[in-house]
Amino acid sequence: MVSKGAGTEIGSATSSHPGKETADNWADSERSVALPNGTSSKMIPPTGSAGRAANGVETNIDASQDTFNIKVQLPGSDIIDLHLPPQEMVQEIARVLMEREDTCHRTCFSIQHDGNILDNFAELASIEGLKDGSVFRVVEEPYTIRESRLHIRHIQDLLKSLDLGDAYNGIECNSLSFLNSFSEGDIGETSASGKRKRRSVSDQPLDTVECSPPECILPGAKDRPLSLLQPMTMDNKHLQCLKSLMMNGWNPPPGNRKMRGDLMYLNVITMEDRHISITASTRGFFINQSTAVEFNPKPDNPNNPNLLCHSLVDLLNQISPIFKKNFAALQKKRTNSHPFTRLATPLQTYSWIIPHKPHTIDFVRAENVYTSPICHEEHISGQIRDWNEELQITREMPSQNPMQQLLKEQTIFKVSSDFVAAAISGAMAVVDGSIIAINPGEYIKMQMFVWNNIFFSFGFDIRENFKESGGDHAAYAASSSDLKGIQAYTDVNVEGLHLLGTVIVDYRGYRVVAQSIIPGILEQEQEQNVVYGSIDFGKAVTSHHEYVGLLLKASKPLRIQKHMILNEMDQPIMLCSSVDCKGIVGNDGRRYFLDLFRTFPLDLNYLPIAGEELHGECQRLGFPKEYRHKLCSVRPELVENFIQYKNIQFSELLKEKMRRRRSLMEDGEGTTETNDYTRDDEVLRSTCQEVGSINEGIFDIRFNLNVYAPDVRFPECELESLKVQKRLMKDIAAFVVSVQIPSFIKDCEGHVLMPADGATITDALHKYGINIRYIGKITQLISQSENKQYLEHISRLLIGEIITRVAKHVVVLYQQNVEISALSLAISHFLNCFLSSHNNGAAHLLPGELASRKKRNKRKMRIPENDLAWASLTCTELWKQINSEAVESFDYALACDGVDQAVDKFSLQKVSLLREFCLKAGIQILLRDYNFDNRHKPTFTEDDILNTFPVFKHIIVKSPDAERVYQKAQMNIQKGNIKEGFVLMKESLNLFKNVFGPLHLDVCACLHMLAQLNYIIDDIPEAIKNQQKAVIISERILGFDHPNTIREYVRLGLYCFANNQNATALRLLYHARQLMLTVCGEDHPEVAVLDINIGLVLQTALDYDLAIRFLQKGLELNFKYSGPQALQTALSYHLLAQVNASKADFRAAMQHEKQAYIIYRDRLGEKHLKTKGSSEFLKHFTQQAVNLQRTMNEIYKNGSNANLSPVLTTSQSKKMTLEQLNIINGIVLMETRKSALEKATEQMRNLILEEIQASQRLTKTPAGIGVDDQILVNGSEASGEIVHDAEKTLGKTLINDKAETGCVASKVSV
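Just so it is clear, the model here is predicted, and its values are computed rather than measured. (Residues numbered from 1 in each chain as written. Predicted model: local features only at pLDDT ≥ 70, side-chain atom pairs only at ≥ 80, totals over all residues. Heavy atoms only, no water.)

Draft legend 1. Region of interest: the overall build of the protein. Of the regular secondary structure elements, the protein holds 39 helices and 32 strands. By the burial criterion, 57% of the 1310 residues in the protein qualify as buried. Residue pairs at least 24 apart in sequence account for 70% of intrachain contacts in the protein once pairs closer than 6 positions are excluded. Element-wise, carbon and sulfur atoms account for 50% of the exposed surface of the protein, whose accessible area totals about 55,900 Å². (Helix = DSSP H or I, 4+ residues; strand = E, 2+ residues; numbered from the N terminus. Buried < 20%, exposed > 50% of the residue type's maximum accessible area, 1.4 Å probe, protein only. Contact = heavy atoms within 4.5 Å. Areas by Shrake-Rupley, 256 points an atom, 1.4 Å probe, with all protein chains shown as cover.)

As structure tokens, this is what we get:
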């Protein structure tokens, strides 16, 4: 029965991820059903109302169609009403049941209409006789052994739904999200009427909001406590429902009981300490009379039919009052949490630091561990997935229309995600020694494994194939390069050319390469299978016309030139790839293409070749340089950037030559029409030759990948082409050092790029096509730059990246020599040598490591002596290796004897180095505060090392249609077409969700943009809703402390502030600052943006002293990284002037505004609106300072009886604060639509005039004060400047103006 099966699949999918729900079972308010990470193999087409994207792709955007009002009758006669569109599927009803508190525990049921069982994947519109008011019946179906197991597992998952243990440990696609904890559950919660559900501290009056953050978050704080990174979550022990739920020892049922419907037996211990034996039968669950010593399967009370329940929860509710109470409360909390926190992620995300959590008993999971196929060689036929067949058949699915294309992308993503998860699990089992090798007699590095139809091998040079290229270093790099090549050919998607599923897993010091298996590849020698390419690096080469035809289709987008080479018999053959690539025809008839590690041109900057000289710009920087291996190739992004650069060069050259020819013609040179055509053709050909085009008539640059291959020989017909190809290779090598690296440095200096950690700076470098091996050279160039003071944060990040990457290289070899029982102790010793100031050469052994301390000279260790080589590592020795490796790998001399010298020399943070190292090496440590500077005690102990986790790389599945819509939406938004951009962004969001599910980075990007657009059009509640989703997705996919997550937190804080949730906004901003301090420290330009946000919110909350501290720090950072004459610095001065004026410190306000005025005047001129506005503010502050001084003088003269009105100040309005926050956070309307720009500018002009007029009403203008006049302020002289044309507006027009009152007057006590 399909519906029954669908209900079972829901249980199965849920049970595969404990405590989680899959994307198959969830749809958001837009009714877009997302697929992907569940275990169900049946593909679910997208549902909801149909619309059409800009590129013609049909998608569910228009939700305005009619809906069916249907009734669902539950077992027990309860009826619920649902409103569903006709395009919705029957499975949506099952999803609703799984969401409800009272039905979430049901798994084995069918949905029927008029007595007919419905297909769970059928649309409602296809159901015969369906109309408004139709009744659907939920019918309980008989259990099977499989479905009873799924039901029990599902109940266990519900019992653990609020437990973060699996998320901390990185199990079954659970990951961490702390948004609800830090916001205290108060983020724009609204009821059905659209009003806030409750009044919280966020809605308190401004003067009652608690604004003080922890001391470690305040500007200037030196401590970096890690214990505050994650909240101390509530202990859910009081919601424990059962003491134990386990399988009974009387399993399996004997034959006579099977014939009566018994499926299995369970033991349950209730919270009342009642021991119960339960039978799971085809009809449901009941209590039997068995005990631990006597088997009696008869019902405990056969006269009570109520004790036979279809759901185990119903039975437990009857026998345990505590279970009934706590289970209901538990499910209420679960359903009240955000759906995104309950969904399983497509791939596992690991945390580098977690708190200590007691290990809880789980008999159901324990049974699954013992029945796992790992460690067992006997596999039941049919239970292992044929990964290669699944991966290939998904690529062969038809895609003639948009619906087929969408289904194809859904299937590819789902199968790919499942394959990656299986590959990671298998790779960990390989390293743990749980899988037997297919060649067990070989040395461990040469062993290969087959498990779950996946082939595993280590990333070593096992057959000396890379002996001349660098040995193990080359083999290690070849796996990553191979993955890039597979990604490139996957993106091109040539029909008929098949690629292997590939995953690279780094775990416990080993690199494991997991690949799908070509049918028949293990049955023959490799030489017999290869029909294209070479297996000995070009000595013996073969080709095949069908492969050449397929590769020619990919050659244009991949910029690969076809060429002829000579085989071992001196016969010319054609290739359209590197000679190392191999073409193999599998037993299934498919043509597979593998070993793609030379898909992109070689990087000649790191490949010295005798007799070849690089361009001058390369030689001036010291290139070429020897590298640890000879497989250095350029990145695919560099190839594309180089082609664009050459195309621009080609166009400019062609225009210049044509201009010169026209100039000669105008000078009187006689020509004919034929000569014109001939000379135009000659100009075109010469230009093509000049830029290196392979075609004389059009611009077409491609690379011969074998041009510098050592054992490849070319026929004479290729010699002329080889000259051009060698020049192109040298050109692209010069391009990276003369164009891309300077562009990267310039964009970092101009804050176009603001990376905050190793991951973000790596991504930034890769977008420019710069390999990581260049970071040492980039650091040197920055140190020689005239503006190096503006790039200190980049230099610091690059040096930290060098140190942590080198330390990872060292620890890889270090871990390979450690016995598993000593691994945590060895890692803690390594971390002490790496980061601790404690300079003790001996490993710190806990007392438990010594069998006896009574005899000094006879210490018996639990670790074998021959495995204690790691304990001899010292701090001096480790840092000597780090210095040497830094020069070898990155050509950068650290010249540091220890971590303290490195920290002092490069202004690094030990906690940031710890985070980066743990993320790179896959090490999970205990969440606590570490004292790195204690010279008498090691920082880390064995108990601080909690786990190791895999660091993996895989093929990225893309959705071209969704990406095109997203790019078009961005273009419209940048042009100011907000409405069009908003519609397109929603379309792209639905497309991404339909392909990838809701938890995906592309979905996060769409939600971020939608939230900003909602904010622009003043729909703040919807902006908060979308931004909340973006925060959770970023936390769960990238990590709770990833820089992107921090930025999402800051943006959510802005939206909460706009929604008058001031306390919530402050908590979010404080948390973002805490994370930023840990990730990169306080000395970073992005911290300036964060501090100004916090300062402005604190100013609105009337905590002026604290606001000044944060704004002053923002000013310092802007002054340092933007320059003393930057407009950002001027804005910081102005904001400080405003908050000082609000607390009646007019002297400080006047000084700060004076600096802002000077910068605006020097940069923009006297007549610019910003200069005039600053001048007007300066005039106002000067007037207030004079009034304050007059008041003080009168008091000194006449005492307290002085008859003067009090000095008044103006508190900045919420509206003005929001506009300033918009500027700081870059929320501006592009100056492209004139009417909108003029309207917004006029609104700003009126707003500022109102502000100034309101302030002027509070005081009298002293007569006779000139621009350069000196006045007394608190007994001191200060200059006043007055400009009477009171106008102030902004260079870019702000959006999201909110109608509020102007300035609020407040008295200042004198």
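Draft legend 2. Main features of the packing of aromatic side chains. Under the definition given, this model contains 39 aromatic pairs. Here the aromatic rings of Y930 and F940 are separated by 5.0 Å at their centres, their planes lie at 35°, and the arrangement is tilted. Here F940 lies in the loop between β24 (923–926) and β25 (945–948) and Y930 lies in the loop between β24 and β25, a separation of ten residues in the sequence. Judged by its relative accessible area of 10%, Y930 falls in the buried class. Assessed through its relative accessible area of 0%, F940 is described here as buried. Ring centres of Y966 and F992 lie 6.4 Å apart, and the angle between their planes is 65°; on these two criteria the pair is classed as edge-to-face. (Phe/Tyr/Trp six-rings, centres within 6.5 Å; stacked < 30°, edge-to-face > 60°.)

Draft legend 3. Geometry of the pairing of strand β20 (residues 563–566). Sheet topology note: the β20/strand β21 (residues 572–575) ladder contains four bridges and is antiparallel. Across the sheet, residue M564 finds its bridge partner in β21, namely M574. Adjacent in sequence and paired antiparallel, β20 and β21 are bridged by five residues, among which D570 carries a positive phi angle near 60°. (Pairing = 2+ DSSP bridges.)

Draft legend 4. Up close: the pattern of salt bridges. Per the counting criterion, the structure on display carries 59 salt bridges. One salt bridge connects E172 with R153, and the closest N-O pair in it is separated by 3.4 Å. Taken together, the residues span a long stretch of sequence, with E172 in the loop between α4 (165–169) and α5 (179–183) and R153 in helix α3 (residues 145–159) at a distance of 19 residues. Classification of E172 by relative accessible area gives partly exposed; the value is 27%. Overall, the relative accessible area of 12% leaves R153 in the buried class. For the salt bridge of E1086 with R1047, the shortest nitrogen-to-oxygen distance reads 2.6 Å. In this pair, E1086 sits in helix α33 (residues 1085–1100) while R1047 sits in helix α31 (residues 1043–1058), placing the two residues 39 residues apart along the sequence. We classify R1047 as partly exposed; its relative accessible area is 29%. Each of the salt bridges in this network shares a partner with another, and the network as a whole consists of D757, E801, R805, R915, E916, K920 and D1041. (Salt bridge = Lys/Arg side-chain N within 4 Å of Asp/Glu carboxyl O.)

Draft legend 5. Quick look at the sheet that holds β24. Overall, mixed pairing links the three strands, which are arranged β12-β24-β25 in an open sheet. Where the open sheet ends on each side, the last strands, each with one partner, are β12 (353–354) and β25.

Draft legend 6. Here's a closer look at unusual backbone geometry. Following N251, the chain continues to P252 via a peptide bond in cis, the omega torsion being -5°. Relative to the helices and strands, P252 resides in the loop between β8 (242–247) and α6 (255–258). The step from F623 to P624 runs through a cis peptide bond, and the omega angle for that step is 5°. With respect to the element layout, P624 can be found in the loop between α16 (616–620) and α17 (636–666). Backbone geometry places D570, a non-glycine residue, at a positive phi of 60°. Position of D570 among the secondary structure elements: in the loop between β20 and β21. Taking relative accessible area as the criterion, D570 reaches 48% and is therefore assigned partly exposed.

Draft legend 7. Structural view of the packing of helix α11 (residues 387–395) against helix α12 (residues 402–432). Remark: α11 packs on α12, axes separated minimally by 9 Å, with the N-to-C direction vectors making an angle of 160°. When the interaxial angle is binned, α11 and α12 end up roughly antiparallel. Considering the relative orientation of α11 and α12, their crossing is left-handed. Counting all contacts with α11, which are made through W387, E390, L391, T394 and R395, the residues of α12 involved are K408, T411, I412, V415, S416, D418, F419 and A422. Here the contact of α11 with α12 is built from residues that sort into six nonpolar, three polar and four charged. (Axes fitted to C-alpha atoms, helices over the stretch in contact; angles between N-to-C directions. Parallel < 35°, antiparallel > 145°, perpendicular 65-115°, else oblique. Left-handed = near helix turned anticlockwise from the far one by under 90°. Nonpolar A, V, L, I, M, F, W, Y, C, P; charged D, E, K, R; others polar.)

Draft legend 8. Region of the structure containing the nonpolar core. By size, the foremost hydrophobic cluster in this structure holds 239 residues, and its most contacted members are Y489, F593, F744, I778, F834, L914 and I925. Other than its neighbours up to four places away in sequence, I925 contacts W352, I353, I354, L831, L914, C918, Y930, D944, I945 and L946. (Core = buried A, V, L, I, M, F, W, Y, C linked by side-chain atoms within 4.5 Å.)

Draft legend 9. Representation of helix α8 (residues 321–336) in the model. In this model α8 runs 23 Å from its N-terminal to its C-terminal C-alpha over 16 residues, within 8% of the 22 Å that 1.5 Å per residue would give. Contacts from the buried residues of α8 go to α2 (91–99), α3, β8, α7 (312–319) and α9 (339–342). (Expected span 1.5 Å × (residues − 1).)

Draft legend 10. Main features of the sheet that holds strand β11 (residues 285–287). Across the sheet, which stays open at both edges, the four strands sit in the order β8-β9-β10-β11 with antiparallel pairing between neighbours. Single-partner strands in this sheet number two, and they are β8 and β11. Neighbour to neighbour, the strand axes of the sheet diverge by 30° on average, direction disregarded. Relative to strand β10 (residues 275–281), strand β9 (residues 262–270) runs antiparallel, the two sharing seven bridges. Counterpart to V268 in the pairing with β10 is I276. Contacting β8, β9, β10 and β11, α7 runs over the sheet at an angle of about 30° to β11.

Draft legend 11. Broad picture of the environment of I217. Here I217 shows up in the loop between α5 and β8. Considering only alpha carbons, one finds I217 and E1082, 865 residues apart in sequence, at a separation of 9.7 Å. Those residues in contact with I217 that sit more than four places away from it in its chain are Y1070, R1073, Q1074, L1077 and F1110.

Draft legend 12. Here's a closer look at the environment of A514. With respect to the secondary-structure elements, A514 resides in strand β17 (residues 510–516). Look at A514 and you get buried, because its relative accessible area is 0%. Separated by 13 residues in sequence, A514 and G501 have C-alpha atoms that sit 8.0 Å apart. Those residues in contact with A514 that sit more than four places away from it in its chain are F419, A423, I454, F455, F456, G501, T502 and V503.

Draft legend 13. Summary view of the confidence of the model for the protein. Across the protein, the average pLDDT comes to 82, with 80% of residues at or above 70. Across residues 22–65, confidence stays below pLDDT 50; counting only partners more than four residues off in sequence or on other chains, it has 155 contacts. (pLDDT = per-residue confidence, 0-100.)

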